[in-house]
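A structural walkthrough
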Amino acid sequence: MEPDNDVALDIIITNVVCVFKTRCHLNLRKIALEGSNVIYKRDFGKVLMKLRKPKITASIWSSGKIICAGATSEEDAKLGARRLARCLQKLGFKVKFTEFKVVNVLAVCTMPFQIRLPEFTKSNRPLASYEPELHPAALYRIKDIKATLQVFSTGSITVTGKTISFSKRS
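Predicted model, so just to flag it, every value in this text is computed and none were measured.

Conventions used here
Residues numbered from 1 in each chain as written. Predicted model: local features only at pLDDT ≥ 70, side-chain atom pairs only at ≥ 80, totals over all residues. Heavy atoms only, no water. Pairing = 2+ DSSP bridges. Helix = DSSP H or I, 4+ residues; strand = E, 2+ residues; numbered from the N terminus. Axes fitted to C-alpha atoms, helices over the stretch in contact; angles between N-to-C directions. Expected span 1.5 Å × (residues − 1). Buried < 20%, exposed > 50% of the residue type's maximum accessible area, 1.4 Å probe, protein only. Arc of directions from axis to C-beta. Contact = heavy atoms within 4.5 Å.

1. Digging into the sheet that holds strand 7 (residues 128–130)
- Strand order in the open sheet formed by 10 strands is 2-3-4-5-1-6-10-9-8-7, and the pairing between neighbours is antiparallel. Taken across any chain shown, the strands that pair with only one partner, and hence form the sheet edges, are strand 2 (38–41) and strand 7. Strand-to-strand twist of the sheet, defined as the mean angle between neighbouring strand axes without regard to direction, takes the value 15°.
- Where strand 2 meets strand 3 (residues 46–51), 4 bridges bridge the pair, whose relative direction is antiparallel. If you follow Ile-39 over to strand 3, its bridge partner there is Leu-48.

2. Here's the deal with helix 2 (residues 74–90)
- The end-to-end C-alpha distance of helix 2 is 24 Å, a good match for the 24 Å that 17 residues give at a rise of 1.5 Å each.
- Buried within helix 2 are the following residues: Ala-77, Gly-80, Ala-81, Leu-84, Ala-85 and Leu-88. Take helix 2 and look down its axis: the buried residues cluster within an arc of 140°, on one side only. Opposite its buried face, helix 2 presents the exposed residues Glu-75 and Lys-90, each directed more than 90 degrees away.
- On its buried face, helix 2 is in contact with strand 1 (12–21), helix 1 (28–34), strand 3, strand 4 (56–61), strand 5 (65–71) and strand 6 (98–110).
- Just past helix 2, the residue Gly-92 takes up positive phi, approximately 105°.

Don't take any of this as a statement about function, it's just geometry.
Next up, the structure:
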C-alpha cells in the first residue's frame with residue numbers, strides 16, 4: 001500500500017465490563033422491592049439493575065459482588081459502578097466501593113477492504129486459526145497484550161482484551 005493511500009481506522013469501543021465488591025451482604029429482595037429499574041432473577045440468585053447515564057446493566061449478587069457491563073469507556077464504567085454503589089447506599093446498605101477492576105473490553109473496527117481468511121490464516125499460522133465449519137471468523141491471538149481479534153471476511157474486526165490500551169497497540 002502506498003503512503004498516500006493510508007486510511008486512519010476508527011476503533012470503536014462498544015462494551016467495557018468491570019467488577020467490584022461492596023464488602024457487605026446485600027438483601028436481593030429488598031433491592032428488588034425498593035430499587036428502581038430492577039429485575040429480580042430469583043432462579044439465578046441475582047438482581048439486574050440498569051442505569052441510564054452512563055448506560056450500564058449491573059448483575060448484583062447477595063455476596064456483594066457486582067458486575068457492570070455496557071459502558072463505552074473505562075471512565076464511564078467506573079462512574080457507573082460508583083453510581084450503583086451510591087444507589088445501594090441510599091437503600092440502606094453499608095456499601096464500600098472496593099476492588100474495582102476492568103475485566104473485559106470489546107472494540108470493533110472495519111477495514112476498507114475484504115479479507116481472504118484462508119490466506120490470512122496461512123500467512124499467520126501459529127497465531128491465527130480459521131475453522132469455517134465452526135465460526136465465520138478467523139481468530140488471531142496476541143499473547144503479549146492478551147487480546148483476541150476476530151477477523152471476518154467482510155473486513156470487520158472485533159477486538160477483545162483486558163484493558164483499553166490493547167486497542168491502541170493492536
